[in-house]
Amino acid sequence: MPDDLVGAVEWSVGTVADRLGISAATLRTWDRRYGVGPSQRTEGGHRRYGEEDIHRVRVMARFTARGVPAQSAARVALSMDSERLTIETDSDRPQAGSPVRHGTVEAICSAALSLDAESLSRIYQRCLREHDLVTAWTEVFAPALRSMGDQWGGGSLGVECEHLASEVLATELRTVIRLNRPRTTDTFVVLACADEEQHHLPLLAVEAELARHGVAALGLGARVPTEALEHLLMARRPSRIFLWASIARQVDERLWQVLAAVRWPLDVVLGGPGWPVDLPAPAHTVTVTRVHTLEGATETLLAAPTPGATVRT
Ligand code: B12
């Protein structure tokens, strides 16, 4: 169906269930209990989902699959406008037409499955040679990682394959960092994973992209204990910090107390699906911004500092 017609079509609950792989009963419950459902009904009262309704259901499904309680997931899904829903669900959609992605994601997964480090390295390098880093990450590396995560979740790919694919990618990203390392360290940006957080590839992607823009960063990598982060913040007073969390964090953890005690202008940029929906208020000198893409993260970190205390989602 042509893209311009897709938006005009309305779908029944059964069709949406088939399309998204979510049971019709769950869809009805989400609609009844949380208001995440169709914006239209037929005269006979049957549910009719539009494309935006389907995007919202997708966001709800993604959050609940990650362990977010249904009520909070619904709150987030309902708070998103049409543009934000499209950004959030873009990465879910098949992009067979993308010349960058075509076949490459599958090639990466297959090389990981055969524990073929050489091919992995070759494919990553080719992508980085042929495309800018943001494109390579967004269209190939991140979808490949998600696909491997799904295959691991389904039991068809061993964790050793995931480790290998991650290790080789980390090496390639570090090469980009090394080759572009800025000589000056005028701007002081700290990049860190939350306490106990092992997923640090997005940090490397951010560091590499900042390096390509001539900005030096202090990349602290995975599992940065909150006490260590606190010590670094208080001792070095950076103006920017990017924190990544794939795994769910709590609203009552010590990190928020640390940020409430900051007394200088600090931009805190949060990336990853692990951060709580409702963030505790920061100190009045701190600005907290959530980012949702590599491009968004680097744009925010490269922008001029924002004065005053705010939380931007
Ligand atoms: C590689 C990997 C690992 C590697 C990490 C290696 C490394 N050096 O980073 C290893 C093997 C160590 C690992 C360990 C574990 N992992 Co793991 N892992 C992954 C995998 C495949 C990729 C992680 C990644 O880099 N993601 C980056 C992007 C691709 O993540 P994303 O969430 O899709 O991104 C979204 C946004 O954040 C945004 N986005 C994409 N890229 C970027 C970049 C930036 C800068 C920004 C701002 C946004 C952004 O777009 C996406 C859509 O919104 C994911 C699968 C997945 N879906 O992420 C599982 C995954 C994150 N892991 C998972 C789990 C459960 C684990 C373990 C707990 C398993 C275990 N039992 O031991 C452990 C330990 C976790 C811990 N305490 O930190 C689950 C998490 C589920 C959950 N939310 O709780 C996932 C989702 C797999 C799954 N399908 O279940 N993992």
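Before any of the text, the structure's been laid out above.
Computed from a predicted structure; not experimentally measured. (Residues numbered from 1 in each chain as written. Predicted model: local features only at pLDDT ≥ 70, side-chain atom pairs only at ≥ 80, totals over all residues. Heavy atoms only, no water.)

K.L.:
Looking at this structure, how should I read the side chain of Glu-172?
P.N.:
Tracing the chain through its elements places Glu-172 in helix α10 (residues 159-180). Although Glu-172 is buried, it makes no salt bridge; Arg-178 carries the closest opposite charge, 8.0 Å away. Not counting chain neighbours up to four residues away, the residues in contact with Glu-172 comprise Ser-121, Tyr-124, Gln-125 and Leu-128. (Helix = DSSP H or I, 4+ residues; strand = E, 2+ residues; numbered from the N terminus. Buried < 20%, exposed > 50% of the residue type's maximum accessible area, 1.4 Å probe, protein only. Lys, Arg positive; Asp, Glu negative; His and termini not counted. Salt bridge = Lys/Arg side-chain N within 4 Å of Asp/Glu carboxyl O. Contact = heavy atoms within 4.5 Å.)

K.L.:
Can you walk me through the pattern of salt bridges in this structure?
P.N.:
Note that side chains of opposite charge can pair when their charged atoms are close. For the structure on display, the rule yields nine salt bridges. For Asp-31, the salt bridge goes to Arg-41, with nearest N and O atoms at 3.2 Å. With a gap of 10 residues between them, Asp-31 in helix α3 (residues 24-34) and Arg-41 in strand β1 (residues 40-41) connect regions that are remote in the sequence. The partner of Arg-75 in a salt bridge is Asp-278, with the nearest N and O atoms 2.7 Å apart. Placement of Arg-75 in helix α5 (residues 70-79) and of Asp-278 in the loop between β6 (266-271) and β7 (286-291) is noted, with a sequence separation of 203 residues between them. The exposure class assigned to Arg-75 is partly exposed, which follows from its relative accessible area of 42%. The structure contains a network of salt bridges with shared partners spanning Asp-31, Arg-41 and Arg-47.

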